[in-house]
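# Analysis of the macromolecular model
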Amino acid sequence: MSDDTMSKRPAKDGVGQLQLQIVFPEEGAASDGTGATERHNGPAASGSGVATGGSQCPRRKWYSLIDKVYALPNLRLAWAKVEANRGAGGIDGMSVARFAERVEERLDELAADLRAKTYRPQPVRRVYIPKSGGGQRGLGIPTVRDRIVQQALLQILGPIFEAKFSRCSHGFRPGRGCASALEVVDRAVKHGYGWVVDADIEAFFDSVDHDQLLSAVNEEIADGSVLRLIGQILKAGVMAPGVAEEDPSELGTPQGGPLSPLLANVYLHRLDVELEQAGYGLVRYADDLVIFARSEAAANAARDLAGEHLAGLGLRLHPEKTRVVTVAGGFEFLGFHWFWDVKRACWRKEVRRKSVHRFP
């Protein structure tokens, strides 16, 4: 669903049907923050475990998927996406343009390797880009061949997990993104949420536990070949600049491959459900999140609950970058800074200075 569609839906739609975490009252209507509306984050995905207004459909698992992954039409579509995205080559030096020279032959070989279970992903090539807050962020660039496999997996697995993801998750999902997440935050700021947990998950992409991630995937996917393939991708290793030997991957999911954003959402889905069912106002974009509350005590409780659940995932809130603050005092999310402008007596949203400095 597009952001325009969400913005045009009457605020009363869905009231009383779904248990949600941020309540936006009708203009002039009183609210104690315990009602329900689906306007803020859009409609629930079918099969979501968070909705409470109706009977749940029986859970099912997907058993035979690997043949869908290596089917040539799926690989051709994956190649088209990889080609359109361009991007640098991996450690094998194979460029997108060079792969295209014998694309049908190479795709046939890739399908045969996947079918025979002889495919092995190569280590990703480590590159570093500046972080807005200083320092550098490491990205892992898979080979073109490995990017096609990841994209092929994404095309099959994405719709399956999309059916269960929470409305509070906006990153790398169809019909959602920065715009929808920022719209929710704008509405929360204007409708009485006085406190916010300005949260930061410390080194998320470097700290994902492979066993827990595969267990989360296995909640929906029972195809052992698919699970094995994802495990191989996670453990393919990293080749750092100027280093002759690969660094094994025991933790984490490198940023840079097509599959990484989906795996991040799968891993953090339990956090979404935990906070949403507790009634807290979570808005999450990948590993970037804010939690709204109507009191300092509620905000502190939300922070503690998030910290406890993340600890169970082998993660933690960054002790220095996570803050419980008043909304009026200011907080940051997705490159923007919200605050109450005393002189103008209005809410303001500005691009962070650090974000501005990233552009020439």
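Residues numbered from 1 in each chain as written. Predicted model: local features only at pLDDT ≥ 70, side-chain atom pairs only at ≥ 80, totals over all residues. Heavy atoms only, no water.

### Things to note about the packing of helix α11 (residues 260–277) against helix α12 (residues 296–312)
The angle between the axes and the distance between the axes are what describe a pair of packed helices. Contact geometry of α11 with α12 gives a least axis separation of 10 Å together with a crossing angle of 150°. As summarised for this structure, α11 and α12 are arranged roughly antiparallel, according to the angle between their axes. As for how α11 packs across α12, the hand of that crossing is right-handed. On α12, the residues touching Leu268, Arg270, Leu271, Glu274 and Leu275 of α11 are Ala302, Leu305, Ala306, His309 and Leu310. Among the residues forming the contact of α11 with α12, the class breakdown is seven nonpolar, one polar and two charged. (Axes fitted to C-alpha atoms, helices over the stretch in contact; angles between N-to-C directions. Helix = DSSP H or I, 4+ residues; strand = E, 2+ residues; numbered from the N terminus. Parallel < 35°, antiparallel > 145°, perpendicular 65-115°, else oblique. Left-handed = near helix turned anticlockwise from the far one by under 90°. Contact = heavy atoms within 4.5 Å. Nonpolar A, V, L, I, M, F, W, Y, C, P; charged D, E, K, R; others polar.)

### Some points on the sheet that holds strand β7 (residues 323–326)
Reading across the sheet, the four strands line up as β5-β6-β3-β7 and stay open at both edges, with antiparallel pairing between neighbours. Whereas interior strands pair on both sides, the edge strands pair on one side only; in this sheet they are β5 (281–285) and β7. Taking each pair of neighbouring strands and ignoring which way they run, the sheet shows an average axis angle of 20°. Across five bridges, the pairing between β5 and strand β6 (residues 288–293) is antiparallel. Note on β6: the bridge partner recorded for arginine 284 is leucine 289. Here α11 sits on the sheet and contacts β5 and β6; the angle it forms with β5, its principal contact strand, is near 170°. (Pairing = 2+ DSSP bridges.)

### Let's talk about unusual backbone geometry
Even without being a glycine, lysine 117 presents a positive backbone phi close to 60°. Among the structural elements, lysine 117 can be located in the loop between α5 (103–116) and β1 (124–130).

### Digging into the pattern of salt bridges
All told, the structure shown has 17 salt bridges when counted by the stated rule. Taking the shortest distance from any N to any O, the salt bridge between aspartate 272 and arginine 284 comes out at 2.8 Å. Of this pair, aspartate 272 sits in helix α11 while arginine 284 sits in strand β5, placing them 12 residues apart in sequence. Residue aspartate 272 shares its accessibility class with arginine 284, and that shared class is buried. By sharing partners, the salt bridges in this structure join Lys164, Glu219, Glu220 and Arg270 into a single network. (Salt bridge = Lys/Arg side-chain N within 4 Å of Asp/Glu carboxyl O. Buried < 20%, exposed > 50% of the residue type's maximum accessible area, 1.4 Å probe, protein only.)

### Side note on the side chain of arginine 147
Mapping arginine 147 onto the fold places it in helix α6 (residues 144–162). Despite being buried, arginine 147 has no salt bridge partner; aspartate 92 is the closest side chain of opposite charge, sitting 7.8 Å away. A polar atom in the side chain of arginine 147 sits 2.9 Å from the backbone oxygen of alanine 88. (Lys, Arg positive; Asp, Glu negative; His and termini not counted. Polar contact = N/O pair within 3.5 Å; in protein donor to acceptor, adjacent residues only side chain to side chain.)

### Topic: the pairing of strand β9 (residues 336–341)
Across three bridges, the pairing between strand β8 (residues 331–333) and β9 is antiparallel. Bridge pairing in β9 places phenylalanine 333 opposite phenylalanine 336. Hairpin remark: β8 followed by β9, antiparallel, with two residues in the connecting loop; positive phi at leucine 334, about 50°. Hairpin connection between β9 and strand β10 (residues 346–351): a loop of four residues separates the two successive antiparallel strands, and alanine 345 in this loop has a positive phi of roughly 55°.

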